[in-house]
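Residue-level structural notes
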Amino acid sequence: MSKIVVMGAGSWGTALALLLAENGNEVVLWEFFEERAKEMQKTRRNNYYLGGIDLPDNITITNKIENILDGAEYLLFSIPSQNLRNAIQLVSSQLTEDIIIINTGKGIEVSTKLRLSEVIKEEILGKYHKNIVALSGPTHAEEVVKKLPTTIVAAGEEEKAQKVQELFSNNYFRVYYSTDITGVELGGALKNCIAIAAGIVDGLGYGDNTKAAVITRGLAEISRFSKNFNAFEKTFSGLAGMGDLIVTCTSQHSRNRYVGEELGKGKKIDDILNGMNMVAEGVPTIKAVHEISKDKNIDMPIIESLYRIIYENENILKIAKVLMERDLKEEFY
Ligand SMILES: NC(=O)c1ccc[n+]([C@@H]2O[C@H](COP(=O)([O-])OP(=O)(O)OC[C@H]3O[C@@H](n4cnc5c(N)ncnc54)[C@H](O)[C@@H]3O)[C@@H](O)[C@H]2O)c1
Ligand SMILES: O=P(O)(O)OC[C@H](O)CO
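Residues numbered from 1 in each chain as written. Chains lettered and ligands numbered in written order. Predicted model: local features only at pLDDT ≥ 70, side-chain atom pairs only at ≥ 80, totals over all residues.

A word on the pairing of strand 5 (residues 100–103)
Residues of strand 5 alternate between two faces, with Ile100 and Ile102 on one and Ile101 and Asn103 on the opposite face, all of them buried. Regarding topology, helix 3 (residues 84–91) serves as the crossover connection from strand 4 (residues 74–77) to the parallel strand 5, and that connection is right-handed. One ladder, built from three bridges, connects strand 5 with strand 8 (residues 132–136); its direction is parallel. Residue pairing across strands places Ile102 opposite Val133, the latter belonging to strand 8. (Buried ≥ 20, exposed ≤ 12 C-beta atoms within 10 Å, placed from the backbone. Helix = DSSP H or I, 4+ residues; strand = E, 2+ residues; numbered from the N terminus. Right-handed = clockwise from strand over helix to strand, strands pointing away. Pairing = 2+ DSSP bridges.)

Below is the structure:
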């Protein structure tokens, strides 16, 4: 039995806390918003995100940070990417070299263009950065709490990634490991952007051919982008690449696909985001990836189109026409 501190009691942090508790661990679930933490303490449920599920006794809910890491073996972050730095700053002074840091968020920090393990590394001043493991794959919280068979990949230094693999695995949650943290993080971050394009296809009422085109050419863009950062090519045919891309582009649960669907139906981006109580990571990540691709001269037509729709308020049908009428080229280049 290990003590695990989970920071972020959103839908994903709560689902993972439940899984870790079921695997026999002592879990401390930290919530940023005091009122929500109090409500969870009182009801022993997370009614805000995952109503109807009782939190077992081996999950302690807190909003307090003092001494939170005392006796902890693992520190897990499940925080929206643009807020992750803030969360790390709250605990970084308590870290010791024997604590494994697991990040489950997916995105790129817009202000720095850093991957999330790089944000963590920066905040802990490079100390213990070999302890950082990214946990990513096709995993909607709504299905994990129902114990539907799910797979995921833990990526980091081999020994640490394997420890995380052991910690989470059970008969409905199967964890693979990888040493390609860069590829796993980029796969998780960029698939959210492509899922917005897939949602636009749904919102416009286009067909299965179009959806398959967006997923496949989206994967080509993700791989092309990631090659510039020395990610392993094979990672993108795996769970954190194709696997997560498929689930996010097709799922009724996906917040990113939903944003795209509403855009395709003609709604304004600010109205869509204001009407949601959950994070759609693809929106800020499109901005970061667009800027990086311009800096590095990486051809990313889907990302470019999304940027123009979301950040320059361009007409979707006009952008779709431009995408289809580009110069013809070889499939793999
Ligand atoms: N929901 C899923 O099914 C799922 C699955 C896999 C990965 N993810 C990823 O996990 C991350 C979290 O997703 P979520 O749906 O649980 O998010 P969420 O919007 O529910 O927020 C999670 C938590 O982040 C914390 N938080 C919010 N603002 C903060 C701030 N300013 N400073 C510190 N902490 C703050 C709060 O505790 C909040 O409960 C995202 O990157 C998402 O892409 C989500
Ligand atoms: O609901 P989404 O679009 O944020 O996706 C959540 C997870 O990343 C799916 O693996």
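Describing the site of ligand 1
Around ligand 1, the surrounding shell holds 26 residues, and the nearest of these are Gly10, Phe32, Asn83, Gly105 and Ala141. Top element by residues in the shell around ligand 1 is helix 1 (residues 11–22). It accounts for three residues. (Near = placed C-beta within 6 Å.)

Notes on the environment of Asp202
Tracing the chain through its elements places Asp202 in helix 7 (residues 181–204). Assessed through the 19 C-beta atoms surrounding it within 10 Å, Asp202 is described here as partly exposed. Setting aside residues no more than four positions away along its own chain, Asp202 makes contact with Glu261 and Gly264. (Contact = placed C-beta atoms within 7 Å.)

Remarks on the nonpolar core
In terms of nonpolar packing, the biggest core is built from 57 residues, with Val5, Val6, Ala17, Val27, Leu29, Leu76 and Val133 touching the most fellow members. Counting 38 residues, the second largest nonpolar core, distinct from the first, contains Ile215, Cys249, Ala288 and Ile310. (Core = buried A, V, L, I, M, F, W, Y, C linked by C-beta atoms within 7 Å.)

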